[in-house]
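Secondary and tertiary structure notes
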Amino acid sequence: MTCHTCGAALHTIVTDLPFKVGDSTIVILKGLPVLQCACCGEYVIEDPVMQRVDGMLSQARGDIELQVLRYAA
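Residues numbered from 1 in each chain as written. Predicted model: local features only at pLDDT ≥ 70, side-chain atom pairs only at ≥ 80, totals over all residues. Heavy atoms only, no water.

What follows concerns the nonpolar core. Counting 13 residues, the largest nonpolar core has Phe19, Leu29, Leu32, Ile45 and Val53 as its most contacted members. At the level of elements, strand E1 (10-20), strand E2 (26-37) and helix H1 (47-58) are the ones that each hand at least two residues to this core. Excluding anything up to four places from it in sequence, Leu32 contacts Ile13, Val14, Thr15, Leu17, Phe19, Ile45, Val49, Val53 and Tyr71. Within the second largest apolar cluster, five residues are counted, among which are Ala8, Leu10, Leu35 and Cys37. (Core = buried A, V, L, I, M, F, W, Y, C linked by side-chain atoms within 4.5 Å. Buried < 20%, exposed > 50% of the residue type's maximum accessible area, 1.4 Å probe, protein only. Helix = DSSP H or I, 4+ residues; strand = E, 2+ residues; numbered from the N terminus. Contact = heavy atoms within 4.5 Å.)

On to the confidence of the model for the protein chain, then. Here the protein chain averages 94 in pLDDT, and 99% of its residues register 70 or above. E2 holds the highest mean pLDDT among the elements of the protein chain, 97, whereas strand E3 (residues 43-44) holds the lowest, 94. (pLDDT = per-residue confidence, 0-100.)

On inspection of all chains with the given rule, the structure shows zero disulfides. The thiol of Cys3 is not disulfide-bonded; the next cysteine sulfur, from Cys40, is found 3.6 Å away. Assessed through its relative accessible area of 5%, Cys3 is described here as buried. Here Cys6 stays unpaired: no disulfide links it, and the sulfur of Cys37, its closest cysteine neighbor, is 3.5 Å away. (Disulfide = S-S within 2.5 Å.)

What follows concerns H1. End to end, H1 covers 16 Å across 12 residues, agreeing with the expected 16 Å (1.5 Å per residue, within 8%). Of all the residues in H1, the buried ones are Val49, Val53, Met56 and Leu57. The buried residues of H1 occupy one face: seen down the axis, they fall within an arc of 95 degrees. What points out from H1, more than 90 degrees from its buried face, is the exposed set Asp47, Pro48, Gln51 and Ser58. Looking at the buried positions of H1, the neighbouring elements they touch are E1, E2 and strand E4 (66-70). (Expected span 1.5 Å × (residues − 1). Arc of directions from axis to C-beta.)

So, about the packing of aromatic side chains. Counted under the stated rule, the structure contains zero aromatic pairs. One residue, Arg52, lies across the ring of Tyr71, its end atom 4.3 Å from the ring centre. (Phe/Tyr/Trp six-rings, centres within 6.5 Å; stacked < 30°, edge-to-face > 60°. Lys NZ or Arg CZ within 6 Å of the ring centre and 35° of its normal.)

We now examine the pairing of E2. Here 10 bridges tie E1 to E2, and the two strands are oriented antiparallel to one another. The partner of His11 across the bridge, within E2, is Gln36. Inspection of the sheet shows E2 paired to E4 by five bridges, in the parallel sense. Paired with Ile28 across the bridge in E4 is Val68. With two bridges connecting them, E2 and E3 associate as antiparallel partners. Paired with Leu35 across the two strands is Val44, which belongs to E3. Hairpin connection between E2 and E3: a loop of five residues separates the two successive antiparallel strands, and Gly41 in this loop has a positive phi of roughly 85 degrees. (Pairing = 2+ DSSP bridges.)

As C-alpha cells, this is what we get:
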C-alpha cells in the first residue's frame, strides 16, 4: 500500500494515538496497529482495526477527561 499524501510505501507499526471523543474527553489508545509512511509520517488505520477502535471509543466514559485504553490485538 502507498501513502495517499506522498506516494511512498506504508509500513506496519504499533503506536499510541489520541482520539477526542467529546467536548472535554480524550481517549488514548496504546499499542494501536497502523500503517505509517516513513517519508512524511502520515498514517492509515485499516478498516478492521478502525471498527474495533469505533467500538472502544463508543464506550468511553464522558465523565473522565483523559482515559487510556490498551488495544490488545
